[in-house]
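Understanding the architecture of this molecule
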Amino acid sequence: MTRDLIQKLHTYAGLVTFVNLLVFGLVGLTATLGSRPHDPAPEVRSEAFVVQPNLTDRQVAERVCGLLGLSLATPIQSAVIQHDAANNLLLDFYHANGRHRVTVLETEGRLRVEVIRNSLWSYLGTLHATTAAFHSGDWRMQLWADYNEFAMWCFLAMLASGVALWLMSRPEYRWAQWSLALGCALFAALWYWTR
Amino acid sequence: MYQKLRNVHLSAALFCLAFLLMYGVSAVQMAHRRWWPVRERVTEWSVRLPAGIIDARVAARALAIRGELAAIRISPGALRFRQVRPGTVHQVEYSAATGEAKVRATDAGFAGMLNALHQVQGMWHGYPLLNVWSAVLGIVSLGLLVMGGTGLYLWFRNHSERWIGVVLLGAGGGLALILIVWMRT
């Protein structure tokens, strides 16, 4: 009865968070195989934008964010709001899909927008690291963050329940014993050499 | 076929267990830093090296500190660099005039090392042990995918769990996929 219950929990946890586990695995694999991180060249474009009088920098930032549809970059952090050497308002929005560096050219009535778009793997990497501690202004990202937090705990529960299932069903299975011993020995050796 | 894949699922999971525990525990630490903060221990000392070194690699070799050479800053008569390995950072300030090297070692402890190992990536490091870690963690990630695939098969072959499984997979997987695609576009 206990074994059946643990088996159900193990199976259900895996199924309900299957896509998250897939993301974890893919991100880990691409982290190993990926090249040295670098910023690709940005795409640069202009957008018409008139700054209303008497707005604060933050209010301008919020309007720009809304105009460009950057809900994933909300809430706007203070570090986003900067000024360049010519004292133009410079907004540096980071988000899961990359980065938008926006220079507000108030006298010209336009925005200079530099877009650096993350690769799909970088995007998934950002998603895999987003948990409930993260507070997003975009409800989709917040929902993902909460679900990913749940997936993280399911992952740990699956490790524990998986070991329990092995010990309850086939503890004498030699391949399993050797696999565990080899894996632990490898981890211990690498840990020791690193420390 | 069922028994073979069950054996693969079990053996892969047990081989990867220590590494997966590292990932899982460090994920909790990173997500909830107040529950388990990284406590750093800092030690400092000075070493006398030959004077006149202008190449950080030469100074690093002379110090014989293990790690990846990083954050090199060269200024007239001085070198600054770091030797980094998971959990430990050595910051070095070297004076070419006197040959004195001030070393500041920051040890992030057990939590910090788990944290750093979780973030190891790439096979392009100058410090070979980092490449070894990265390769092994890549194999573990592949193992996780194998566990996912075999786990899916094992579930599907269990007729009594099939329908509830479809609901859970559809609901959870569907939600996750929709969010991933929607936020990307």
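Predicted model, so just to flag it, every value in this text is computed and none were measured.

Here we look at the domain arrangement of chain A
Residues and elements named next belong to chain A. According to the domain assignment, chain A contains domain 1 (2-34 + 130-194) and domain 2 (47-118). Each of domain 1 and domain 2 has a C-alpha centre, and the two are 39 Å apart. Carbon and sulfur atoms supply 56% of the area buried between domain 1 and domain 2, which totals about 390 Å² over both sides. Where domain 1 touches domain 2, the interface holds 0 salt bridges. At the junction of domain 1 with domain 2, the criterion picks out 2 residue pairs in polar contact (both at pLDDT 80 or more).

What to know about the sheet that holds strand β3 (residues 78-85) of chain B
Residue and element names in this part refer to chain B. The strand order across the open sheet built from 5 strands is β1-β5-β4-β3-β2, with neighbouring strands paired in antiparallel fashion. A strand with exactly one partner marks an edge of an open sheet, and here the two such strands are β1 (41-48) and β2 (68-75). Strand after strand, the sheet turns through a mean of 15° between neighbouring axes, direction not considered. Taken together, the 7 bridges between strand β4 (residues 88-95) and strand β5 (residues 100-107) define a ladder with antiparallel strand orientation. Within the sheet, the bridge partner assigned to Glu93 lies in β5 and is Lys102.

Some points on the side chain of Glu114 of chain A
All names here are of chain A. With respect to the secondary-structure elements, Glu114 resides in strand β5 (residues 110-117). Taking relative accessible area as the criterion, Glu114 reaches 17% and is therefore assigned buried. Residue contacts for Glu114: discarding those within four places in its chain leaves Pro42, Glu43, Val44, Arg99, His100 and Arg101.

So, how was this worked out
Residues take numbers from 1 onward in each chain, read along the sequence in its written order. Key to labels: chains lettered from A, ligands numbered from 1, both in the order written. Given that the model is predicted, a residue must reach a pLDDT of at least 70 before its local features are reported, and side-chain atom pairs must reach 80 or more before they are shown or counted; all residues, however, enter totals for whole chains, interfaces and linings. To get the side-chain values, take all heavy atoms of the structure and skip hydrogens and water. Each domain span listed reflects an automatic or database assignment of domains. Two parts lose some accessible area (1.4 Å probe) when they are put together, and adding that loss for both gives the buried area. What makes a salt bridge here is a side-chain nitrogen of Lys or Arg within 4 Å of a carboxyl oxygen of Asp or Glu, nothing more. Each polar contact in these results corresponds to two N or O atoms within 3.5 Å; when the atoms are within protein, one needs to be able to donate a hydrogen and the other to accept it, and residues that are neighboring in sequence are counted only if both atoms are side-chain atoms. Strand pairing follows a simple DSSP-based rule, namely that at least 2 bridges must link the two strands. A helix here means a DSSP run of H or I that spans at least four residues, while a strand means a run of E at least two residues long, and both kinds are numbered starting from the N terminus. For every element, the axis is a line fit to its C-alpha atoms; helices are fit only across the contacting stretch, and the angle between N-to-C directions ranges from 0 to 180 degrees. Partly exposed residues are those whose accessible area sits between 20% and 50% of the maximum for their type, while under 20% is buried and over 50% is exposed, using a 1.4 Å probe and protein chains only. Here, two residues are considered to be in contact whenever any of their heavy atoms come within 4.5 Å of each other.

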